[in-house]
Amino acid sequence: MKMAGKKEMVLYYEPDSQKGGGNTGKSAKLKGVLVRMGVRIKNVAPEQTGQTVGFLAGMEGFEERQTENPVIEEEVLVMKNFTSGRIDQLLMGLRQAGVPRIHLKAVITDTNSSWSFYQLYEELKKEHKAMSGNDRG
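Because the structure is predicted, anything quoted here is derived from the model rather than measured. (Residues numbered from 1 in each chain as written. Predicted model: local features only at pLDDT ≥ 70, side-chain atom pairs only at ≥ 80, totals over all residues. Heavy atoms only, no water.)

## Points about the overall build of the chain
Across its full length, the chain holds four helices and four strands. Counting from the amino terminus, the chain carries its helices and strands in the arrangement β-α-β-α-β-α-β-α. Buried positions account for 39% of the 137 residues belonging to the chain. Here the analysis covers contacts within the chain between residues at least 6 apart in sequence; of these, 72% occur between residues at least 24 apart. Taken as a whole, the chain presents about 8,300 Å² of accessible surface, with 49% of it coming from carbon and sulfur. (Helix = DSSP H or I, 4+ residues; strand = E, 2+ residues; numbered from the N terminus. Buried < 20%, exposed > 50% of the residue type's maximum accessible area, 1.4 Å probe, protein only. Contact = heavy atoms within 4.5 Å. Areas by Shrake-Rupley, 256 points an atom, 1.4 Å probe, with all protein chains shown as cover.)

Right, here's the structure in full:
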């Protein structure tokens, strides 16, 4: 049974896009894969890093808030309403399209939907460091 209103979405933050260049080719390839998969993409702007993940993803019960917007220096990809099979499809599609690896990825959960996008970023950085044993972040 197909779940009504459960459209897949990706929140994507790309720090270099704000500086007028850098990863635009990567971003175009990523968006191409998402479009082919029928996934909606929402770019997260630097002035939105203090908003909750739930608000950015358009979830009910989350409202925009006045907040500081801490700087995020790395790329972040957050998936909404993805099954594990669709996550696998996305990751395979990104590899096949030659999109360089995005280290900080997450799926929206009941817990992290109430976090600010920056809080999620900080948590992903910690997890990535722990999993990779990489002190560079």
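## Remarks on the sheet that holds strand 2 (residues 40–43)
In a beta sheet, neighbouring strands pair by backbone hydrogen bonds and run either parallel or antiparallel. The four strands are arranged 2-1-3-4 in an open sheet whose pairing can be described as mixed. Strands with a single pairing partner mark the edges of an open sheet, and in this sheet they are strand 2 and strand 4 (104–107). The average angle at which neighbouring strand axes cross in this sheet is 20°, direction not considered. Inspection of the sheet shows strand 1 (residues 9–13) paired to strand 2 by four bridges, in the parallel sense. In the sheet register, Tyr12 faces strand 2, and the bridge partner there is Asn43. Packed on one face of the sheet, helix 4 (residues 117–132) meets strand 1, strand 3 (76–80) and strand 4 and runs near 115° to strand 4. (Pairing = 2+ DSSP bridges. Axes fitted to C-alpha atoms, helices over the stretch in contact; angles between N-to-C directions.)

## Remarks on the pattern of salt bridges
The final tally for this structure, using the stated rule, is four salt bridges. Between Glu75 and Lys26 there is a salt bridge, with the nearest N and O atoms lying 2.5 Å from each other. One end of the pair, Glu75, is in the loop between helix 2 (53–56) and strand 3; the other, Lys26, is in helix 1 (residues 24–37), with 49 residues separating them in the sequence. Taking the relative accessible area as the measure of exposure, Lys26 reaches 12% and is therefore buried. (Salt bridge = Lys/Arg side-chain N within 4 Å of Asp/Glu carboxyl O.)

## Details of the pairing of strand 4
Each regular strand shows side chains that alternate between the opposite faces of the sheet. The alternating pattern of strand 4 places Leu104 and Ala106 on a buried face and Lys105 and Val107 on a face that is not buried. In the sheet, strand 3 pairs with strand 4 via four bridges, with the strands oriented parallel. Within strand 4, the residue paired with Met79 across the bridge is Val107.

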